[in-house]
Amino acid sequence: MNWIVSTLKHYPELAVFLTLALGYFIGRFKIGSFSLGSVTSVLLVGVLIGQLDIVISPDVKSVFFLMFLFAVGYGVGPQFFGGLKKDGLPQMLFAVVVCVLCLICPFVIAKLMGYDMGLTAGMLAGSQTISAVIGVASDTINQLGIPKAEKLMLINKIPVAYAVTYIFGTAGSAWLLSSIGPKLLGGNLIEKAKELEVQLGGSAIGNDPSITSAYDRVIYNAYKLSAQSYAVNNTVAFVEQKLESSGRRLFIQRVRKGDKIIDATPDLVLEENDVIALGGRREYIMNYSENHEQEVLDVELLNFPLEVLKVMVVKKDVVNKRLIELKNQKFAHGVVIRSIQRSGIEMPVLPNTQLNKGDLITLIGTVRDTELAAKQIGYPDRITNASDMVFVGLGIVLGGLFGAMSLTIGGIPLSFTTSGGVLIAGLVFGWLRGQHPTFGLVPEPALWVMSNVGLHMFIAVVGISAGPSFVVGFQEAGWGLFLAGAAATAIPIIISILIGRYVFKFHPIITLGCVAGSRTTTAALGALQDAVQSKTPALGYTVTYAVGNTLLIIWGVIIIIIMS
């Protein structure tokens with residue numbers, strides 16, 4: 001045992017990875033629907049390992065924290081700036097109101113409780129579930145003109161308050177939004193979610209085979225044309241149009257004429273005994289043989305490439321189009337929209353769902369059709385392992401330099417700090433990537449590592465460094481801090497729901513999605529979608545999430561300034 005302790009002290013990097021491993025492991029466990037989550041688990045494990053008095057250079061956490069912040073900004077940049085447009089302004093304004101409430105409530109409660117800036121910043125971070133505040137507030141405290149020992153004491157209190165208040169911040173947010181929120185909005189939100197789906201064309205999803213949900217599959221079957229088939233002596237275009245007029249949007253991809261297989265073209269004339277490869281959604285191809293075609297097994301005819309391709313929505317002719325409008329475009333022939341992602345959140349695939357710039361849509365169809373559609377929609381987001389590290393490195397440096405510039409007012413140096421500057425750079429560079437997708441690529445797995453591992457490495461070092469003073473800080477704060485944090489979580493949520501209903505007059509489902517997004521609470525979004533049995537809350541989540549993820553992190557600077 002002594003050997004392990006001495007080794008961890010001599011090689012502190014091993015202590016960091018041990019903290020990550022144990023923290024992620026503990027974070028997997030659930031009691032009912034409640035889980036500590038990986039961030040809090042890593043922090044608490046770090047505090048425990050920190051009792052061994054392991055010294056880690058603060059530069060380590062700074063490097064990973066900047067990487068995390070850039071990834072956050074990069075991921076939400078397109079939606080953040082896209083929200084500035086007319087359609088997104090109400091949700092963006094609502095998010096600003098919610099974020100201001102999330103700052104004011106912890107501040108007022110802290111003043112009433114007599115907390116210092118360290119406990120207040122930690123309570124803000126935990127009650128609003130925004131872990132990045134720990135780093136931003138710590139950077140701001142380091143810039144204050146106070147003794148070094150006092151800075152260290154205040155900084156070490158931040159993770160204490162965060163750990164105490166985060167539990168209700170996460171579980172309480174999910175419970176309030178999924179259980180109390182519906183009651184404040186008139187109840188029976190399952191029916192209201194269905195109403196919203198109808199407004200979005202949800203009732204038409206069964207009649208429009210070009211629009212599908214992720215669980216649907218496109219299939220291809222081979223059919224031999226009999227003499228009685230209306231397809232005989234007619235063109236491929238005529239047959240497809242006839243099928244669509246009867247409620248079946250199916251596509252003929254290949255045709256066997258005797259021993260020869262050819263790709264179908266609109267003007268190709270079909271003949272008796274031809275075998276066609278017909279494809280589309282499963283429910284529209286069932287019972288097709290009632291039209292005097294016999295289903296046959298033709299492996300050679302059906303053995304053609306089928307591509308599943310993610311495409312970033314970029315082209316002006318497609319941005320802000322509804323899916324039902326998109327399917328009428330000539331280039332949409334033969335392809336089905338399988339899913340839509342916005343800021344990493346899966347959106348409902350309904351006829352009236354509107355496409356935003358930067359959305360990732362998944363197309364499925366033949367290589368020929370998907371490639372043609374991709375060119376008209378935007379930029380194919382092909383699987384790759386390569387990240388544009390010139391883009392990433394330059395973004396972090398420029399953001400850090402911008403954030404390092406300060407303006408002294410009343411003896412207090414004011415700045416975004418390097419961390420705030422990097423967040424802003426991430427937003428700008430993420431937006432640039434959405435505007436010009438030929439450069440600045442950071443694949444989703446790489447972005448996950450930068451965001452997820454970056455944050456957890458930072459939190460691990462914070463926990464280990466704060467370990468020796470954590471127990472003392474917890475004893476000083478007392479259980480009153482937990483109750484204060486619960487109030488700081490609940491009050492903004494309840495007020496925000498009422499503002500969404502009576503001031504902004506959003507649809508109830510959109511209101512709840514907007515509140516969850518403004519607080520960047522993904523767990524709450526999941527609980528909401530389960531409660532209303534629909535993905536429609538995501539329609540209010542993405543723009544507000546981009547705003548919340550930006551403002552709540554910046555509040556880490558503001559809370560220290562107003563508490564000084």
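Structural data are supplied above this passage.
Rules used throughout
Residues numbered from 1 in each chain as written. Predicted model: local features only at pLDDT ≥ 70, side-chain atom pairs only at ≥ 80, totals over all residues. Heavy atoms only, no water. Phe/Tyr/Trp six-rings, centres within 6.5 Å; stacked < 30°, edge-to-face > 60°. Lys NZ or Arg CZ within 6 Å of the ring centre and 35° of its normal. Helix = DSSP H or I, 4+ residues; strand = E, 2+ residues; numbered from the N terminus. Buried < 20%, exposed > 50% of the residue type's maximum accessible area, 1.4 Å probe, protein only. Polar contact = N/O pair within 3.5 Å; in protein donor to acceptor, adjacent residues only side chain to side chain. Contact = heavy atoms within 4.5 Å. Pairing = 2+ DSSP bridges. Axes fitted to C-alpha atoms, helices over the stretch in contact; angles between N-to-C directions. Disulfide = S-S within 2.5 Å. Salt bridge = Lys/Arg side-chain N within 4 Å of Asp/Glu carboxyl O.

Asks: I keep staring at the packing of aromatic side chains and nothing clicks. Help me out?
Replies: For any pair of aromatic rings, geometry is given as the distance between the ring centres together with the angle between the planes. In this structure the tally under the stated criterion is 13 aromatic pairs. Ring pairing ties together the aromatic residues Phe 70, Tyr 74, Phe 391 and Phe 429, which thus form one cluster. A cation over an aromatic ring shows up here: Lys 242 above the ring of Tyr 230, its NZ or CZ 5.9 Å from the ring centre.

Asks: Please clarify how the side chain of Arg 254 should be interpreted in this entry.
Replies: Residue position: Arg 254 is located in strand β2 (residues 251-257). Since its relative accessible area comes to 17%, Arg 254 is described here as buried. In terms of polar contacts, Arg 254 uses its side chain to reach the backbone carbonyl oxygen of Leu 301, at 2.8 Å. The residues touching Arg 254, leaving out its near neighbours within four places in the chain, are Ile 261, Ile 262, Asp 263, Ala 264, Val 275, Ile 276, Ala 277, Glu 300, Leu 301, Asn 303 and Phe 304.

Asks: Please clarify how unusual backbone geometry should be interpreted in this entry.
Replies: What you tend to see is this: most non-glycine residues have negative phi, and most peptide bonds are trans. Of note, the phi angle at Asp 53 is positive, near 60°, even though the residue is not glycine. Positionally, Asp 53 belongs in the loop between α3 (37-50) and α4 (58-82). You will see that Asn 320, though not glycine, has its phi angle at about 75°, which is positive. Secondary-structure assignment places Asn 320 in the loop between β6 (306-313) and α13 (323-326). For Asn 320, a relative accessible area of 37% puts it in the partly exposed group.

Asks: Please explain the sheet that holds strand β4 (residues 275-281) as it appears in this structure.
Replies: For sheets, the rule is that strands pair by backbone hydrogen bonds, running either parallel or antiparallel. Across the sheet, five strands lie side by side as β3-β2-β4-β1-β5; this open sheet has antiparallel pairing. This sheet does not close on itself; its edge strands, each paired only once, are β3 (260-263) and β5 (293-296). Across the sheet, the axes of successive neighbouring strands diverge by a mean angle of 30°, strand direction being ignored. Summarising the sheet, strand β1 (residues 218-225) and β5 pair through four bridges and their orientation is antiparallel. Within β5, the position partnered with Ala 222 by the bridge is Val 296.

Asks: Honestly, the state of the cysteines in this entry has me stumped. Any pointers?
Replies: What makes a disulfide is a covalent bond joining the sulfur atoms belonging to two cysteines. Using the criterion set out here, one finds zero disulfides in the structure. Left without a disulfide partner, Cys 102 is nearest to the cysteine sulfur of Cys 99, which lies 5.9 Å away. With no disulfide of its own, Cys 514 has Cys 99 as its nearest cysteine by sulfur position, at a separation of 12 Å. We classify Cys 514 as buried; its relative accessible area is 0%.

Asks: What's the story with the pattern of salt bridges in this structure? I'm lost.
Replies: Pairs can form between side chains of opposite charge once their charged atoms are near each other. Counting across every chain of the model gives eleven salt bridges. Here Asp 274 makes a salt bridge to Lys 257, at a shortest N to O gap of 2.6 Å. Residue Asp 274 is found in the loop between β3 and β4, and its partner Lys 257 is found in strand β2; the two are separated by 17 residues along the sequence. The buried category is assigned to Asp 274, whose relative accessible area is 3%. The class of Lys 257 is partly exposed, set by a relative accessible area of 23%. Its salt-bridge partner being Glu 444, residue Lys 310 comes within 3.3 Å of it at the nearest N-O pair. One end of the pair, Lys 310, is in strand β6; the other, Glu 444, is in helix α17 (residues 444-477), and 134 residues separate them in sequence. The partly exposed category is assigned to Lys 310, whose relative accessible area is 29%. Within this structure, Arg 256, Asp 298 and Glu 300 form a network of salt bridges that share partners.

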